[in-house]
Amino acid sequence: MTGNNSAPEVHADNPMLEWHDLTVAYGRRPVLWNVDFEIQDPCLFGIIGPNGAGKSTLLKASLDLVQRAGGTVRFWGQRLAEVRSKIAYVPQRETVDWDFPVSVMDVVRMGATSRLGWFRRGGKRERELALASLDHVGLADFAKRQIGKLSGGQQQRVFLARALAREAEIYLLDEPMAGVDAGSQEQIFSILAELRDQGKLVVAVHHDIRTAAQWFDAIALVDMRLVAAGPTAEVLTPENLTMTYSGRLGILDEIGEAVERRGRTS
Amino acid sequence: MIHLAFVMAFLPYNTLVVASGVAAVGCAAGVIGTFGVLRKRALVGDAAAHATLVGVALALLVTGQRNLAVLLVGGLVSAMVAIVLLVLIRKFTRTRDDAATAIVLSVSFGLGITLISGMVSRGIPGSGGLERFLLGHTASLTANDALLLGTVSVVGVLCIVVGLKEATMVAFDPDFAAASGWPAATLDLVLIALIAVMVVVGLPAAGAVLVTALVVIPPAVARQWTERLIPMLVIAGLVGFLSALSGVVISSLAVQVPTGPVVVLVATAFLVLSIFGAPCRGILWRTRAVSSLSSEFLTKTEVGVATPTGTERRP
Amino acid sequence: MSWLDSIGPLHGWAIATAVVVSACCAIVGTPLVVRRMSLLGDAISHAVLPGLVVAVLLGAQPGGIGVLVGATAAAMVTVWFTRFLYRQAGLWEDASVGVSFTTLFAAGVLLVTISGSRVDLDPGCVLYGILELVPFDTVDLYGWDIPRAFLSASFVLLLVSCGMWCTWRWQLFTAFDCDAAKAAGVPTVAVTVGLLVGVSLATVAGFVAVGAILVVAMLVVPAAAAERLVHRLHHAVWLAVMIAVVGAIGGYLLAWRFGTSAAGMMAVVLGVEYVIAILVAPDDGVVARLVSKLVYLWRVQCEDRLASFWRAEESGYARHESTVGGLVDRWLRVNGQVQKQENALVLTPQGRVNAEVIVRSHRLWETWLGRHVDLPVDHLHPPAEWIEHHLGEQVRKRIENELGNEDVDPHGSVIPREKR
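None of these values were measured; they are calculated from a predicted model.

1. A few points about the sheet that holds strand S4 (residues 68-75) of chain A
Residues and elements named next belong to chain A. The antiparallel open sheet is built from 3 strands, whose spatial order is S2-S1-S4. Edge positions in the sheet fall to strand S2 (29-39) and S4, since each of these pairs with one other strand and no more. Within this sheet the neighbouring strands show an average axis-to-axis angle of 15°, counted without direction.

2. Re the nonpolar core
If you look at the biggest cluster of nonpolar residues, it comprises 261 residues, and the most contacted ones within it are A:Tyr171, A:Leu192, B:Phe35, B:Phe133, B:Phe172, C:Phe105 and C:Leu131. With 24 residues, helix H10 (residues 188-229) of chain C is the single largest residue contributor to this core. Residues contacting C:Leu131, with those up to four places away along its chain left out, are C:Ala14, C:Thr17, C:Ala18, C:Val208, C:Ala209, C:Tyr252, C:Ala262 and C:Met266. Judged by nonpolar contacts, the second largest core, of 35 residues, contains A:Met16, A:Phe37, A:Tyr89 and A:Val222.

3. Points about the pairing of strand S2 (residues 144-147) of chain C
As defined by bridge partners, strand S1 (residues 138-141) of chain C adjoins S2(C) across 4 bridges and the pair is classed as antiparallel. Paired with C:Thr138 across the bridge in S2(C) is C:Pro147.

4. Topic: unusual backbone geometry
All names here are of chain A. With a phi angle near 55°, Asp21 is a residue other than glycine that sits in the positive phi range. Counting through the fold element by element, Asp21 comes out in strand S1 (residues 17-26). We note that Glu167 has phi near 50°; this positive angle belongs to a residue other than glycine. Within the secondary structure, Glu167 is located in the loop between helix H5 (152-164) and strand S6 (170-173). Of the residues examined, Glu167 reaches a relative accessible area of 32% and is grouped as partly exposed.

5. Regarding helix H7 (residues 148-166) of chain C
Under the 1.5 Å per step criterion, the end-to-end length of H7(C) is 27 Å for 19 residues, consistent within 8% with the ideal 27 Å. The secondary structure elements touched by the buried residues of H7(C) are helix H2 (9-34), helix H4 (65-87), S2, helix H8 (168-176) and H10 of chain C.

6. Examining the packing of aromatic side chains
Here the distance between the centres and the angle between the planes together describe a pair of aromatic rings. All names here are of chain C. By the definition in use, this model includes 15 aromatic pairs over all chains. Consider the rings of Trp13 and Phe150, whose centres lie 5.0 Å apart with planes at 65°: the pair is edge-to-face. Of this pair, Trp13 sits in helix H2 while Phe150 sits in helix H7, placing them 137 residues apart in sequence. Taking the relative accessible area as the measure of exposure, Trp13 reaches 25% and is therefore partly exposed.

7. Digging into the environment of B:Gly30
Residue and element names in this part refer to chain B. Looking at where Gly30 falls in the secondary structure, it is placed in helix H2 (residues 13-38). The exposure class of Gly30 is buried, given its relative accessible area of 0%. Residues Gly30 and Phe241, 211 residues apart in the sequence, show an inter-C-alpha distance of 7.9 Å. Ignoring sequence-local partners within four residues, the contact set of Gly30 consists of Leu214, Pro218, Pro219, Ala236 and Gly237.

8. A closer look at the packing of H4(C) against H10(C)
All names here are of chain C. At their nearest, the axes of H4 and H10 sit 9 Å apart, and the two run at 125° to each other. Classified by the angle their axes make, H4 and H10 are oblique. Classified by chirality, the crossing of H10 by H4 is right-handed. Contacts between H4 and H10 involve Val67, Leu68, Ala71, Thr72, Ala75, Met76 and Val79 from the former and Val193, Leu196, Val197, Ser200, Leu201 and Val204 from the latter. Taken together, the residues of the contact of H4 with H10 break down into 11 nonpolar, 2 polar and no charged.

9. Points about the interface of chain A and chain B
At the junction of the two partners, chain A supplies 37 residues and chain B supplies 36 residues. Contact between chain A and chain B buries roughly 3,300 Å² in total, counting both sides, with carbon and sulfur atoms accounting for 58%. Applying the counting criterion to the chain A and chain B interface returns 5 salt bridges. Between B:Lys40 and A:Asp97 there is a salt bridge, with the nearest N and O atoms lying 3.2 Å from each other. The tally of links from chain A across to chain B stands at 13 residue pairs in polar contact (both at pLDDT 80 or more). Looking at the side of chain A that touches chain B, the elements that each hand over two or more residues are helix H3 (104-113) and H5 of chain A. Looking at which element gives the most residues to the side of chain A that touches chain B, the answer is H3(A), with 5 residues.

10. Describing a nonpolar patch on the surface
Residue and element names in this part refer to chain C. A cluster of nonpolar side chains, namely Val272, Val275, Ile276, Leu279, Val280, Val286, Val287, Val291 and Val295, defines an oily patch on the protein surface of about 710 Å² accessible area. Elements with a minimum of two residues in the nonpolar patch: helix H12 (262-280) and helix H13 (286-314). When residues in the nonpolar patch are grouped by element, the largest group, 5 residues, is from H12. When you line up the elements, Val280 lands in helix H12.

11. Regarding the side chain of A:Gln185
Assignment of secondary structure puts A:Gln185 in helix H6 (residues 182-197). Sequence-distant contacts of A:Gln185, defined by excluding residues within four places in its chain, comprise A:Met177, A:Val180, A:His206 and A:Thr211.

How each quantity is defined
Residues numbered from 1 in each chain as written. Chains lettered and ligands numbered in written order. Predicted model: local features only at pLDDT ≥ 70, side-chain atom pairs only at ≥ 80, totals over all residues. Heavy atoms only, no water. Pairing = 2+ DSSP bridges. Helix = DSSP H or I, 4+ residues; strand = E, 2+ residues; numbered from the N terminus. Axes fitted to C-alpha atoms, helices over the stretch in contact; angles between N-to-C directions. Core = buried A, V, L, I, M, F, W, Y, C linked by side-chain atoms within 4.5 Å. Buried < 20%, exposed > 50% of the residue type's maximum accessible area, 1.4 Å probe, protein only. Contact = heavy atoms within 4.5 Å. Expected span 1.5 Å × (residues − 1). Phe/Tyr/Trp six-rings, centres within 6.5 Å; stacked < 30°, edge-to-face > 60°. Parallel < 35°, antiparallel > 145°, perpendicular 65-115°, else oblique. Left-handed = near helix turned anticlockwise from the far one by under 90°. Nonpolar A, V, L, I, M, F, W, Y, C, P; charged D, E, K, R; others polar. Buried area = accessible area lost by both parts, 1.4 Å probe. Salt bridge = Lys/Arg side-chain N within 4 Å of Asp/Glu carboxyl O. Polar contact = N/O pair within 3.5 Å; in protein donor to acceptor, adjacent residues only side chain to side chain. Patch = residues over 30% accessible without salt bridge, like charges linked within 9 Å, V, L, I, M, F, W, Y side chains within 5 Å. Areas by Shrake-Rupley, 256 points an atom, 1.4 Å probe, with all protein chains shown as cover.

In structure tokens:
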């Protein structure tokens with residue numbers, strides 16, 4: 001966590017992100033079953049699935065924000081704690097209190113200073129980094145505005161700028177396009193594609209299959225378990241989509257309930 | 001305020017020292033309370049405040065010392081225990097959050113009253129003086145007490161000043177902070193502990209029942225005037241300072257009046273004035289400026305995407 | 001105990017008043033808690049003080065109707081003030097409650113202090129009531145000397161019980177889903193106002209007995225405890241009343257025994273009852289969950305051991321040494337799942353049937369996972385080790401039907417058939 005600005009010497013043949021038998025439970029009830037996949041190289045990677053399918057849970061479990069019930073997550077073959085400075089997270093917009101008395105610039109600066117050590121506020125370098133990130137997302141004119149006074153697309157771009165200010169190698173975004181108009185979506189996708197071209201891995205939870213097919217290089221279809229994952233064209237087949245979207249697999253729900261009760265299903 | 005300064009010039013030295021100490025408490029409570037309110041922890045502080053009585057009474061019972069420092073340490077311990085209990089109830093039972101707060105608040109207060117009352121009826125020395133912790137009574141404070149209160153307050157504010165970046169990050173977006181590698185849960189705990197310390201230190205000024213106002217009202221006032229965090233902290237500190245100061249001064253002039261209610265009402269007066277009169281957010285300003293605002297809007301926000309401003313609440 | 005015998009009529013009246021007051025509070029407190037309005041109840045209980053004081057200053061009799069009206073008016077002011085702060089001033093929700101109750105209470109205390117002898121209330125007793133003095137302020141009713149506080153509390157109990165009885169369906173519906181109730185035509189605003197009026201009345205009644213803060217305990221704690229123990233709301237109300245009454249009687253007696261404040265002790269007893277409730281609650285009580293966990297861990301151990309016997313048989317070792325898990329083996333023997341045969345343990349026919357169930361579950365789950373989840377073959381065993389203990393007969397049948405006629409799991413082992 002404590003900042004050092006040197007890159008970790010971890011990029012060997014290890015995949016950038018690897019989920020190994022990942023199972024996540026809320027309380028005792030499993031909500032994500034045995035996700036097993038690895039992402040070797042930089043790409044624009046989408047996590048797609050119906051509502052409540054565990055997509056956000058997958059991201060949060062990867063970041064140790066929720067506890068894993070089983071399995072591991074590795075970045076470049078290493079645990080999260082060792083490579084945190086190279087990872088940036090963009091949470092869902094609903095989790096934030098938009099009435100908080102901070103300006104757009106303040107929020108982005110938080111990203112820039114998040115890599116510094118304890119009690120170090122940062123100075124000119126952090127401010128310039130924040131301004132550059134704001135510029136990158138096209139919000140340089142809004143720097144002094146309080147964050148509640150922005151549209152959905154603008155708010156999302158502020159969060160993205162905050163993540164950019166971390167100068168990370170892996171970006172994990174939770175529903176970055178939720179409540180964002182089409183124009184802003186295009187804009188945000190372009191920025192993400194740029195990041196991919198610069199050699200970063202961008203993983204985004206997304207809800208719309210059409211735009212997913214258009215933008216993502218690779219996709220994971222998730223509905224409480226990994227239905228299929230790989231290059232977009234290979235994964236988005238009718239069979240896979242049916243398996244993902246046509247009604248919840250009742251069995252997983254039933255067994256989840258039984259596990260929670262510590263009993264058996266009927 | 002001019003009247004206040006005028007009156008203060010005629011007060012005895014001891015009262016001035018006490019006033020400074022208590023005013024420092026008000027200031028620190030406003031500053032630290034800002035983070036508490038932003039983290040939606042206002043009422044956790046209230047539960048802690050009601051629980052302090054138990055610790056204060058036990059401290060007197062166990063050590064026999066009437067020393068303010070000893071009593072306040074006892075209060076801090078029981079306040080932290082109450083917070084832990086609240087966390088445990090929320091984690092291990094299905095009791096609703098607000099009910100849990102009300103339960104911890106009232107039962108711990110009841111325990112405190114039981115202890116104090118029992119001690120008074122057994123004639124334990126010093127127990128009669130415990131009643132001043134209910135509603136606050138600064139007239140009985142000594143200069144040394146004020147020094148203690150003032151020192152703790154200054155240290156509290158320093159913690160916030162030094163750790164401003166960390167506190168802001170955790171208060172604004174704990175998930176991002178945790179994902180970036182910061183120990184968000186621990187920092188949150190430190191913040192709660194600071195609130196508990198302020199609540200305890202505010203006991204002589206406002207009493208257990210009303211001290212939560214010191215931590216909640218100044219930030220509320222400040223938010224009416226500014227949209228930036230640092231000005232908000234400064235204004236909250238100032239409002240807390242003035243409210244507490246007024247409480248002490250008035251309490252020293254009319255000795256039978258408990259300090260707590262005065263402090264609260266002064267702070268509320270600030271709040272009501274701010275709600276109506278503050279620029280941009282104030283009600284008077286909004287009604288007057290509605291027509292000119294709406295045209296200003298359409299030019300400033302993104303085309304086709306208008307955003308509500310001010311304080312319209314989602315229902 | 002000898003001291004119980006010396007309870008005379010004075011204590012009797014005090015206890016009776018406390019019982020009536022706590023019953024009132026429990027009745028209105030239950031919907032309050034269910035609707036997440038506990039802290040509004042807290043605010044109201046603080047706010048009735050200025051209402052009381054103003055009413056008395058305007059000439060109302062303490063303990064009379066005027067005071068009830070004044071207090072209810074103050075309660076409505078609190079609710080309005082809280083909403084004003086939240087909606088108009090844009091204050092955070094919890095801060096709005098905090099501001100309104102401290103302000104109103106402070107105003108009340110100041111009024112009491114300033115009006116001095118004109119209002120017969122001492123700020124201390126505002127906080128913890130004067131239950132002990134209740135028997136001394138009596139009213140002559142048909143030749144009987146009844147304490148005034150008892151009368152007004154009984155009157156409030158009557159009002160509140162009738163009100164709750166008449167509007168019960170509406171209260172229930174609104175408590176569970178306010179929006180749906182409104183859509184169904186229930187006058188939810190009137191229901192809520194009615195509830196809050198009931199709360200104000202109960203608070204005023206409780207004020208005399210236990211003061212402003214401990215009345216919150218009477219409103220919230222019995223309801224919260226009752227909810228842990230029963231599931232239907234009207235059962236919860238009855239249970240809350242019983243818990244409240246026990247708290248009132250127990251608290252008063254203990255306070256008398258130990259020479260301390262009755263109000264404080266009543267709150268403490270209520271707290272103890274709440275702790276007991278969360279410990280012994282049948283489903284999610286602390287004790288119940290601990291027991292359930294232990295039972296589960298034991299079952300898993302036994303089933304794993306049983307399955308290991310079966311797998312040993314399958315691979316050709318008919319005998320199984322009783323080495324590790326001596327306690328588990330003894331349990332299995334006692335239950336007739338295994339038996340001793342020439343210094344080793346083997347499965348009984350009954351044990352074999354049960355063991356096959358476990359292995360069948362395990363292998364079915366591996367097969368199902370292999371089909372539906374993108375997992376490599378060597379990753380299938382650990383999840384199956386876990387889930388095999390949770391599959392019941394119907395689910396096994398469903399999986400089997402779905403898989404068609406799969407005889408063999410992904411590792412090539414035979415899936416045992418379901419046996420009757």
